[in-house]
Amino acid sequence: MIQFKSNLNIKNEQTNLVVGVFSDLSHEIINQLDKSLNKRLSSSLKERLMPTKLGDITPIYPLGQIESKKVYIVGLGQSSQFTVEKCRQTFGKIAKSVKDDVTILLETFDCKEVSINELAMICSEAITLATYKMKTYKTEQKSTEPTNFFIHCDTEITEDLNRGIVYGEATNSARQLLNEPGNKLTATDLANTIAKFANENELEVRIVEKDEMEQLGMGGILGVNRGSVEPPKMIVVKYQGTPRFENVTALVGKGLTFDTGGYCLKPRAGMEAMKGDMGGAASAFGAFQIAVRLKLPVNLLLVIPSTDNMISGDAIKPGDILTTMSGKTVEVTNTDAEGRLILADGITFAKHLGASKIIDLATLTGAIVAALGSETTGAFTNNDAFFAEFQKAADSTNEYIWQMPLFPRDQKSLRNSDVADLNNAPVGKPGAIMAAAFLKEFVEDTPWIHLDIAGTADAKAAHDLGPKGGTGVMVRTIARYLEQQA
Ligand code: BES
Ligand code: MG
Ligand code: ZN
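Being a predicted model, the structure only gives us computed values, none of them experimental.

**Structural notes on the domain arrangement of the protein**
- Under the domain assignment, the protein is made up of domain 1 (2-154) and domain 2 (166-485).
- Computed from C-alpha atoms alone, the centre-to-centre distance between domain 1 and domain 2 is 38 Å.
- Taken residue by residue, the interface counts 18 residues in domain 1 and 23 residues in domain 2.
- A combined buried area of about 1800 Å² lies between domain 1 and domain 2, and 55% of that area is made up of carbon and sulfur atoms.
- Joining domain 1 to domain 2, the criterion identifies one salt bridge.

Following this line, the structure appears as structure tokens:
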């Protein structure tokens with residue numbers, strides 16, 4: 001629980017206190033606390049008994065001088081070096097390390113780089129993210145009392161705290177979906193989860209089933225689904241935040257619930273990670289939830305093509321030719337390049353439904369991981385102005401994106417098939433770029449950003465803002481972008 005606390009009496013406060021200390025400046029409230037502690041705080045700081053290096057968290061024990069049993073002194077380093085990003089990480093670290101209920105003295109973290117309102121949002125967002133725990137299927141669950149976080153400052157910040165909580169919770173929901181294994185989250189389960197949210201919020205939802213896909217000619221997703229006993233789903237939810245449904249942003253997410261590679265089978269080692277191949281869908285849905293919960297004045301289409309990529313006597317084989325919803329034919333030279341096949345139909349469908357702009361997200365290529373690693377999302381666009389706006393949003397959420405090139409010659413490489421319009425995986429060409437170029441064939445002139453999150457959707461180790469596993473990457477950035485547009 002995270003809650004605003006307007007009145008605070010330092011001497012009589014029952015919860016533990018969390019105080020930020022810069023090495024070079026002191027806030028009024030610290031002076032108050034110091035007085036109550038008979039100057040022990042300032043003297044130990046002066047004698048350098050207390051570290052104020054960024055990230056140091058030192059508990060001190062007032063032993064009855066004030067009622068709090070513990071005061072956490074959080075080093076913030078030099079105020080001129082403090083950034084929003086460091087601030088997020090520090091709140092994450094605090095949330096992970098404190099025990100029992102705490103009151104955070106928010107003003108002590110203020111270094112004038114951001115407003116107190118923004119600081120409040122960052123604080124509640126970071127706490128929500130850092131305290132996320134993956135739901136497991138262990139039969140014996142450890143029951144731990146959740147910590148209550150009270151945030152004190154003199155300004156009314158309830159609304160900012162709530163915004164941060166919404167951002168954090170939506171990101172956590174994306175994390176949880178990614179963490180679910182392939183047998184617990186099928187396309188049907190994903191459709192049910194999304195439909196439930198849509199119904200609860202009285203939004204128009206449409207689940208395109210296999211028969212209708214056949215009528216609509218969605219040969220891309222149908223092709224990928226052929227090897228599966230699980231029915232495919234094309235999930236669409238509409239959110240209208242302005243009087244007219246215009247200037248519509250489509251969020252198209254790859255919802256591949258498990259990627260074996262198909263007949264171009266993946267190696268055994270690490271295959272279990274392919275339960276996360278619906279990370280794009282999870283993040284698109286997360287961002288969509290924020291827009292809905294904050295009632296942003298924007299118009300959205302959430303479009304999620306979903307299936308798994310399996311093997312059977314009926315599965316697609318290398319060399320098979322599929323006709324996508326757009327009418328374009330594809331030679332499947334590699335059955336493991338399946339994400340682009342389902343996204344192709346998702347993108348075409350989004351355009352049919354009136355998308356004026358498209359953001360797609362997908363755990364699309366191993367090549368982007370080789371290029372950018374696990375902390376930077378690869379971004380591609382056909383519209384520099386759109387991308388510049390999006391970059392601004394990423395800068396403010398501290399999610400890293402890096403623009404990758406996409407030249408006309410890359411489109412040419414895709415059109416090298418002897419038998420179809422496109423080749424889904426040209427050999428000897430740059431993998432992440434080929435995947436993006438493939439999608440662009442379906443996007444055409446609609447302003448578009450493609451986010452390849454193969455490296456960033458799933459953290460290999462715990463970090464300040466969460467555990468290992470699903471990250472919900474780009475949820476916050478997309479939501480921030482939408483807020484900028486509103
Ligand atoms: N889902 C994978 C991409 C992936 C790799 C996601 C690593 C997360 C971590 C995708 O469907 C895939 O298999 N891509 C192939 C494409 C290739 C066959 C052209 C790849 O990147 O190897
Ligand atoms: Mg694959
Ligand atoms: Zn895949």
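**Observations regarding the coordination of the zinc ion (ligand 3)**
- Taken together, the protein donors to the zinc ion (ligand 3) comprise Lys254 (NZ), Asp259 (OD), Asp277 (OD) and Glu338 (OE), at separations of 2.0 to 2.4 Å.
- For the zinc ion (ligand 3), the six donor atoms in the first shell make angles of 77 to 173 degrees at the metal, so the coordination geometry reads as octahedral.
- Here the donor residues for the zinc ion (ligand 3) map to a single chain with the spacing K-x4-D-x17-D-x60-E.
- Here the zinc ion (ligand 3) and the magnesium ion (ligand 2) are spaced 3.2 Å apart, and both take Asp259 as a donor. Of this pair, Asp259 sits in strand β10 (residues 255-259) while Asp277 is found in the loop between β10 and α9 (279-293), placing the two residues 18 residues apart along the sequence.
- According to the relative accessible area criterion, Asp259 is buried, its value standing at 2%.
- Looking at Asp277, the relative accessible area reads 2%, which means it is buried.

**Some details on empty space enclosed by the protein**
- One pass over the full model with this rule turns up one cavity of 30 Å³ or more.
- By volume, the largest cavity is sized at about 50 Å³.
- Looking at the largest cavity, the residues that line it are Phe82, Thr83, Val84, Cys87, Phe109, Asp110, Cys111, Glu113, Val114, Leu119 and Ile122.
- Counting residues per element, the ones that place at least two in the lining of the largest cavity are α3 (84-97) and α4 (116-130).
- Counted by class, the lining of the largest cavity contains eight nonpolar, one polar and two charged residues.

Procedures and definitions
- Residues numbered from 1 in each chain as written.
- Chains lettered and ligands numbered in written order.
- Predicted model: local features only at pLDDT ≥ 70, side-chain atom pairs only at ≥ 80, totals over all residues.
- Heavy atoms only, no water.
- Domains from an automatic or database assignment.
- Contact = heavy atoms within 4.5 Å.
- Buried area = accessible area lost by both parts, 1.4 Å probe.
- Salt bridge = Lys/Arg side-chain N within 4 Å of Asp/Glu carboxyl O.
- Donors = N, O, S within 2.8 Å, 3.2 Å for Na, K, Ca; no water.
- Tetrahedral: all angles 85-135°; square planar, octahedral: opposite > 155°, others 65-115°.
- Helix = DSSP H or I, 4+ residues; strand = E, 2+ residues; numbered from the N terminus.
- Buried < 20%, exposed > 50% of the residue type's maximum accessible area, 1.4 Å probe, protein only.
- 1 Å grid on protein atoms, 1.4 Å probe; cavity = no way out; pocket = protein on both sides within 12 Å on 5 of 7 lines; lining within 4 Å.
- Points joined across faces, edges and corners; volume = space filled by probe spheres on them.
- Nonpolar A, V, L, I, M, F, W, Y, C, P; charged D, E, K, R; others polar.

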